[in-house]
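# Secondary and tertiary structure notes
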Amino acid sequence: MPQPSARPAVQSLSASLIRDVANTAMGREGVLPFWFGESDQPTPGFIREAAMASLQQGETFYSQNLGRPWLREGIASYLSHLHHRPFTAEQIGVTGSGVSALMLAMQLVLSPGDRVVAVTPLWPNLVEIPRVLSAHVERVPLQITDQGWQLDLQRLLDALTPDTRLLLINSPNNPTGWTITDDEQRIVLEHCRKHGIWILADDVYERLVYRSGLDSAPSFLAKKEDDDLVIGVNSFSKAWCMTGWRAGWLTIPAALADDLAKLVEYNTSCVPEFVQRGAMAAIQQGEPHVGQLRQQLGVQRQLMVEGLTAIDGVTLPYADGAMYAFFRIAGFSDSLALARALISEVGLGLAPGRAFGEEGEGWLRWCYATSPVRLQEGLQRLNDFVRRQR
């Protein structure tokens, strides 16, 4: 009798090392957890109240595959204001989380054997989803310069050959915090347009950018033409502190809407209406919250920069986006072993850099979206650990 087994493409997937580390210590007394990418703030009250009102009114039935028209219109209006160009509801599909949006987007355009290029290091879900679909991923690593994390633009363009089906770019980037520039986006967009390459832009952290005068990171959506092969992925998780809600959206060429609706039907059918009510409240009323969160994160980011660079042997390249410090400590090359040692010896929970690909080996990711008091305590624990090893 044959033994039960998943298909080879699934068996070959890499399990998340972030989860691996977190699962060993989650709930353990005395451990400070900074391994996941989420704020320690609960979802703002006005969002929760909108969802509760929906439940009290009995809005517990199926909704449209792509989301309620009022939410799609609300997201289109939000994007139009944010990126200073018109978007319509026909270009929006509401999804059951940002990661679901990534899966749906790749199901839309990838076939087995397709070639995918990804700018790395990168959140593992982005590079494992193509493998679920039996596509091949080529990695183009960011470079470390005196100015911090930088894109090797020529290396990326050389990798984007005419036989490439899809480019994956997450900016601001998880884990490094690197943010692509407007000029780099224009060059990449023109190159992909010339060769018929799809661009999948993961914009989940676009509101968490710390360049002076910006309230959003540079966006492919602001530069594309309506018929360009560009798909934007976003989520309510980060900027609105809604990680547990599992709500996101796709911005697509309108011609893909009917096919996207079919895929949503065969994946999740629809997003619960009470979740959509909360999402609508976030879109309509959330700007003060987003601004306040970004200001808080800016303070916490500066605290981390000062605290980490004061520790002997720490390297922390400059980055101006997201909610992470991605750093390494001289003398430690195995990031998984280091992450486990930090938990067992000083109760400090960080994500191992290896989780983000081979380029991340030897590095650690620290999510700083928490109170300064907890960050200071974590920094002290890290400093104590390093001193013991010297």
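Residues numbered from 1 in each chain as written. Predicted model: local features only at pLDDT ≥ 70, side-chain atom pairs only at ≥ 80, totals over all residues. Heavy atoms only, no water.

## Describing the state of the cysteines
Counting across every chain of the model gives 0 disulfides. Looking at the unpaired Cys241, the closest cysteine sulfur is the one in Cys367, lying at 10 Å. (Disulfide = S-S within 2.5 Å.)

## Structural notes on empty space enclosed by the protein
All told, the structure shown has 1 cavity of 30 Å³ or more when counted by the stated rule. Roughly 30 Å³ of volume is contained in the largest cavity. What lines the largest cavity is simply Tyr78, Asp203, Val204, Glu206, Arg207, Asn234, Ser235, Ala239 and Trp240. Looking at the lining of the largest cavity residue by residue, the class counts come to 4 nonpolar, 2 polar and 3 charged. (1 Å grid on protein atoms, 1.4 Å probe; cavity = no way out; pocket = protein on both sides within 12 Å on 5 of 7 lines; lining within 4 Å. Points joined across faces, edges and corners; volume = space filled by probe spheres on them. Nonpolar A, V, L, I, M, F, W, Y, C, P; charged D, E, K, R; others polar.)

## Brief notes about the pattern of salt bridges
Applying the stated criterion across every chain yields a total of 18 salt bridges. Across the pair Asp182 and Lys223 runs a salt bridge, and its minimum N-O distance is 2.7 Å. Placement of the pair is Asp182 in helix α8 (residues 182-195) and Lys223 in helix α9 (residues 220-223), with a sequence separation of 41 residues. Where Arg354 meets Asp334, a salt bridge forms, and the shortest distance between an N and an O atom there is 2.6 Å. Here Arg354, found in the loop between β14 (351-352) and β15 (363-367), pairs with Asp334, found in the loop between β12 (324-329) and α13 (335-346); they are 20 residues apart in sequence, far enough to count as distant. By sharing partners, the salt bridges in this structure join Glu59, Arg68, Glu273 and Arg277 into a single network. (Salt bridge = Lys/Arg side-chain N within 4 Å of Asp/Glu carboxyl O. Helix = DSSP H or I, 4+ residues; strand = E, 2+ residues; numbered from the N terminus.)

## Remarks on the layout of surface pockets
In this structure, the largest pocket spans a volume of roughly 570 Å³. If you go around the largest pocket, you meet 23 residues; those closest to its centre are Arg19, Gly37, Trp123, Lys238 and Arg246. For the lining of the largest pocket, the secondary structure elements donating two or more residues are α2 (17-25) and α5 (98-109). The leading source of residues in the lining of the largest pocket is α5, at 3 residues. Looking at the lining of the largest pocket, its residues break down into 8 nonpolar, 9 polar and 6 charged. For the second largest pocket, the calculated volume is near 220 Å³. Lining the second largest pocket are 14 residues, with Ser14, Val127, Glu128, Arg139 and Gly357 positioned closest to its centre.

## Examining the sheet that holds β15
Read across the sheet, 4 strands follow the order β11-β12-β15-β14 without closing on themselves; strand pairing throughout is antiparallel. Two strands lie at the open edges of the sheet, namely β11 (314-315) and β14, each paired on one side alone. Two elements, β14 and β15, share 2 bridges in a ladder whose sense is antiparallel. The residue bridging Ala351 from the neighbouring strand is Arg365, located in β15. On top of the sheet, helix α12 (residues 287-309) reaches β11, β12 and β15; it is set at about 5° to β12, its chief contact. Of the strands in this sheet, β12, β14 and β15 touch α13, which is tilted by about 50° from β15. (Pairing = 2+ DSSP bridges. Contact = heavy atoms within 4.5 Å. Axes fitted to C-alpha atoms, helices over the stretch in contact; angles between N-to-C directions.)

## Description of the UniProt feature "domain: Aminotransferase class I/classII large" (unreviewed entry) in the chain
The UniProt entry lists residues 40-382 under the feature "domain: Aminotransferase class I/classII large" (unreviewed entry), expressed in the numbering used here. Helix makes up 42% of residues 40-382 and strand makes up 18%, while its end C-alpha atoms are separated by 20 Å. (UniProt positions renumbered as here; feature names shortened; annotations may be inferred.)

## Overview of the nonpolar core
In terms of nonpolar packing, the biggest core is built from 56 residues, with Ile75, Leu156, Leu167, Phe220, Phe236 and Trp240 touching the most fellow members. Here the element with the most residues in this core is helix α4 (residues 69-83); it accounts for 6 residues. The residue makeup of this core includes at least three contributed by each of domain 1 (8-43 + 288-385) and domain 2 (45-285). Listed in part, the 45 residues of the second largest apolar core include Val21, Phe34, Val204 and Leu348. (Core = buried A, V, L, I, M, F, W, Y, C linked by side-chain atoms within 4.5 Å. Buried < 20%, exposed > 50% of the residue type's maximum accessible area, 1.4 Å probe, protein only. Domains from an automatic or database assignment.)

## Some remarks on the side chain of Glu184
Residue placement: Glu184 occurs in helix α8. No salt bridge is formed by the buried Glu184, whose closest oppositely charged neighbour, Arg211, lies at an N-O distance of 6.5 Å. Polar side-chain contacts of Glu184 include one of 3.0 Å to the backbone nitrogen of Thr181. If sequence neighbours within four positions are ignored, Glu184 has contacts with Leu151, Leu153 and Trp178. (Lys, Arg positive; Asp, Glu negative; His and termini not counted. Polar contact = N/O pair within 3.5 Å; in protein donor to acceptor, adjacent residues only side chain to side chain.)

## Some points on α4
For α4, built from 15 residues, the straight-helix expectation of 21 Å at 1.5 Å per residue is met to within 8% by its first-to-last C-alpha distance of 21 Å. For α4, the set of buried residues is Leu71, Arg72, Gly74, Ile75, Ala76, Tyr78, Leu79, Leu82 and His83. Lining the buried residues of α4 we find β2 (92-95), α9, β10 (248-251), α11 (273-285) and α12. Two residues or fewer after α4 comes His84, characterised by a positive phi angle close to 60°. (Expected span 1.5 Å × (residues − 1).)

## What about helix α6 (residues 124-132)?
With respect to burial, α6 is a largely interior element, 7 of its 9 residues being buried. Buried-residue contacts for α6 involve α2, α5, β3 (115-120), β4 (136-141), β7 (164-170) and β8 (198-202). Once α6 ends, the next one or two residues include Ser134, with phi positive near 65°.

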